[in-house]
Each structure stands twice: as C-alpha cells, then as structure tokens.
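Reading the structure
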2 protein chains.
Amino acid sequence: MDAVDRQLIQALRENGRASYAELGRLVGLSGPSVTDRINRLESAGVITGYRATVDSASLGLGVTALIGISLSDATDHQDVADRMRSLTEIEDCWFIAGDDSYMLKVRANDVDGLESIIRRLSALQGISRTRTTIVLSTKWEDRVGALPGE
Amino acid sequence: MDAVDRQLIQALRENGRASYAELGRLVGLSGPSVTDRINRLESAGVITGYRATVDSASLGLGVTALIGISLSDATDHQDVADRMRSLTEIEDCWFIAGDDSYMLKVRANDVDGLESIIRRLSALQGISRTRTTIVLSTKWEDRVGALPGE
DNA sequence: AATGAAAACTAATCAGC
DNA sequence: GCTGATTAGTTTTCATT
C-alpha cells in the first residue's frame, strides 16, 4: 500500500460514489489503473464496503443509546456476542476493558423501542446487568479524519 | 417518503456504489426515476453522504477507545463540542445524559497516540475530567439493521 | 503495474404523458 | 412523477509496453 493507495482510500472515505475516472484524475492515473488498485484494496480487506449514510431521525429512529453489558460469572464472551448479534438494533458492539464487558450503541424509534431492546438484552443468557446511557444529541458521527501519517 | 424510497435507502446502505440502473431493476423503476428519487432524498437530508468503509487496522489505527468527558462548572456544552471538533481523532461525539456530559469514540495508532489524544482533550478549556475505556475487540461496527416498520 | 483503445454499460438531460 | 430516447461519460476488457 503506497501513497496513491492511501489517497484513493481517503477520497473514497469522503465520497464513496466517486467514479474511477474522477479518482484517476485526482491521483494522476488512468481509469483502469485506479480500478486495479481499488480491486486489490477490496480483495485485501482494506476497503470493506460502501455505505450510504442516512439521517436516523428521517428513518424514524429518534433514540440513540449506549448500553454497557455485564456478564454472568463463567460466561463465554463470544457466545454472548453471538447471541446479541440477533438484536438488529445494535449498530456497534465493542468488547471493552473495565467495569462492563461490552458497550453497545443501539438505535430505536422511541423510548418504548429502547425499553424493548433492554428487555430483550436482559433476557439473553449470560447477561447479568445492563447500564443504559441515553444520547441527548449527536454532535457528529463517523467523521472521516486525516489519515495517519507514515 | 414511500416504500420504494425506503427500499432504495436500504439498498444504498448495504451497497453505496449500486448503480441507478441496478437500483431501478431492484425496485421496478426506470433509471431516471431512481435518479429523481435519490436526488430528492439527498436534498431532503435523508441520505447524507456515501462512505467507503475501511479496516482501521490496515490504516495503522490499532487502538479504539471510548472517552467520557466531564465538564467544568458553568461551561457551555456547545463551546466544548466546538473545541473538541479540532481533534480529528474523534470519530463520534455524543452529548449524553448521566455522569459524564460527552462520550467520544476515538481511534489512534497505538497507546502512545491515545495518550496524546487524552492529553489534548484534558488541556481543552471547559473539560474537567476524562474517563477512558479501551476497546479490546470490535465485534461489529456500523451494522445496517432492518429498516423500522411503518 | 500502467497505458490506450474498443466495446458495453451507465448517467444525465429532456420532451412527452 | 414516470417513461423512453438521446447524448455524454464511465467501466471493463484486452493487447501492449
């Protein structure tokens, strides 16, 4: 992965629909060269996909919350993660150091929907306690930062 | 926003580079109709952008952490958010209810980079305390869930 | 690895319904 | 708000270096 690859990645992080022709003009390569490089980055697992970003509120998802998860004694972490995966409202799932074992970011239509998520989480085998923090407002999310230097 | 719009949104959340022709075949409309609808969704702020998703580790970002932020007395929340915005390592910034005022998700090259972020945060005017939780492993992130029903 | 050219496909525009 | 036709631009393939 050289400087041109990093430039392509950065451009696609900012605009995932940029055409290969446009990217070629940006980095000073032909369209086919850009296609080659991007195919390689995708195959190597560097670029993992392309997503439209959507305003949650417009989709009716008015409530965002962070939920810390404590596990029961002698519970396998990975089994719990596998079970949590079935709750599609969980957008992010991090295994963390500290008081809790997992931190989740969830989105629900409203507080009733959030209550339903918490109930379903609490009912999962291996989860002993949940600690929910409501997000009052999102200042920003998924921001594209500068690429780390060499 | 009707059922077809929601179908288009869902398809673009799963593959942000889907062509309009392909989307048209999916929903049973012509290319130009799809273009119209998507332009409308973009103008209305429902679709906010398109991003390539990238494997952080491949970019050299080996450390993810969640940082809770407590504010000094009589500090304006928004001013602090504006100051934190200059730290490009902060990918997400949520204003939250509870013990802390903000929760941040940050990414750094390594623990030294994380230390540098925490130092810079602590030095910001209006921040009294930070509470850092290291992410040991990411089970999943930015998962595309089912669209909320009607 | 990259290029240039050809073929296939897609996007954008527009008149018409 | 959708369609179908036109034009311009893009992607893909491939022979060549």
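Procedures and definitions
Residues numbered from 1 in each chain as written. Chains lettered and ligands numbered in written order. Predicted model: local features only at pLDDT ≥ 70, side-chain atom pairs only at ≥ 80, totals over all residues. Heavy atoms only, no water. UniProt positions renumbered as here; feature names shortened; annotations may be inferred. Helix = DSSP H or I, 4+ residues; strand = E, 2+ residues; numbered from the N terminus. Near = heavy atom within 4 Å. Polar contact = N/O pair within 3.5 Å; in protein donor to acceptor, adjacent residues only side chain to side chain. Nonpolar A, V, L, I, M, F, W, Y, C, P; charged D, E, K, R; others polar. Buried < 20%, exposed > 50% of the residue type's maximum accessible area, 1.4 Å probe, protein only. Pairing = 2+ DSSP bridges. Axes fitted to C-alpha atoms, helices over the stretch in contact; angles between N-to-C directions. Parallel < 35°, antiparallel > 145°, perpendicular 65-115°, else oblique. Contact = heavy atoms within 4.5 Å. Arc of directions from axis to C-beta. Buried area = accessible area lost by both parts, 1.4 Å probe. Salt bridge = Lys/Arg side-chain N within 4 Å of Asp/Glu carboxyl O.

**Focus: the UniProt feature "domain: HTH asnC-type" (unreviewed entry) in chain A**
Residues given the UniProt feature "domain: HTH asnC-type" (unreviewed entry) here are residues 1–62 of chain A. This span, residues 1–62 of chain A, is 53% helix and 13% strand, and a straight line between its end C-alpha atoms measures 40 Å.

**Let's talk about the protein's contact with DNA strand D**
In the vicinity of DNA strand D, the contacting residues are S19(A), Y20(A), A21(A), R25(A), P32(A), T35(A), L29(B), S30(B), P32(B), S33(B), R37(B) and R40(B). Across the atoms of DNA strand D situated within 4 Å of the protein, the share located in sugar and phosphate is 77%. Contact between DNA strand D and Y20(A): a phosphate oxygen at 2.9 Å from a main-chain N or O atom of the residue. Broken down by secondary-structure element, the contributors of at least two residues to the surface near DNA strand D are helix 2 (20–27) and helix 3 (31–43) of chain A together with helix 3 (31–43) of chain B. Ranked by residue count, the leading element in the surface near DNA strand D is helix 3 of chain B, at four residues. For the surface near DNA strand D, the residue count by class is five nonpolar, four polar and three charged.

**A word on the pairing of strand 1 (residues 47–54) of chain B**
Buried residues dominate strand 1 of chain B, accounting for six of its eight residues. The pairing of strand 1 (residues 47–54) of chain A with strand 1 of chain B spans seven bridges and is antiparallel. Of the residues in strand 1 of chain B, the one forming a bridge with A52(A) is Y50(B).

**Regarding the packing of helix 1 (residues 3–14) of chain A against helix 3 of chain A**
A pair of packed helices can be characterised by two numbers: the angle between their axes and the separation between those axes. Residue and element names in this part refer to chain A. As a packed pair, helix 1 and helix 3 sit with axes 11 Å apart at the nearest point and diverge in direction by 80 degrees. Here helix 1 is positioned roughly perpendicular relative to helix 3, judged by the angle of their axes. Residues V4, D5, L8, I9 and L12 of helix 1 lie in contact with helix 3, whose contacting residues are V34, R37, I38 and L41. Grouping the constituent residues of the contact of helix 1 with helix 3 by class yields seven nonpolar, no polar and two charged.

**Quick word on the protein's contact with DNA strand C**
Close to DNA strand C lie L29(A), S30(A), P32(A), S33(A), R37(A), R40(A), S19(B), Y20(B), A21(B), R25(B), P32(B) and T35(B), which account for all nearby residues. When atoms of DNA strand C within 4 Å of the protein are sorted by moiety, sugar and phosphate together comprise 76%. S33(A) has a polar side-chain atom sitting 3.0 Å from a phosphate oxygen of DNA strand C. One of the side-chain N or O atoms of R40(A) is found 3.5 Å from a phosphate oxygen in DNA strand C. The element contributing the most residues to the surface near DNA strand C is helix 3 of chain A, with four residues. Taken together, the residues of the surface near DNA strand C sort by class into five nonpolar, four polar and three charged.

**Some remarks on helix 4 (residues 77–84) of chain A**
The set of residues buried in helix 4 of chain A consists of V80(A), A81(A) and M84(A). Each buried residue of helix 4 of chain A sits inside an arc of 100 degrees when the element is viewed along its axis, so together they form one side. Buried residues in helix 4 of chain A make contact with strand 2 (63–71), strand 3 (90–96), strand 4 (102–108), helix 5 (111–122) and strand 5 (127–140) of chain A together with strand 5 (127–140) of chain B.

**Observations regarding the interface of chain A and chain B**
At the junction of the two partners, chain A supplies 60 residues and chain B supplies 60 residues. Contact with chain B buries area across many residues of chain A, yet R17(A), R51(A) and W140(A) alone supply 15% of it, more than any other trio. In this assembly, chain A and chain B are joined by zero salt bridges. Here chain A and chain B share 47 residue pairs in polar contact (both at pLDDT 80 or more) between them. Contributions of two or more residues to the side of chain A that touches chain B are made by helix 1, strand 1, helix 4, strand 3, strand 4 and strand 5 of chain A. In terms of residue class, the side of chain A that touches chain B is made up of 32 nonpolar, 15 polar and 13 charged. When strand 3 of chain A meets strand 5 of chain B, the two strands line up antiparallel, connected through four bridges. When the bridges of strand 5 of chain B are listed, I96(A) appears paired with V135(B).

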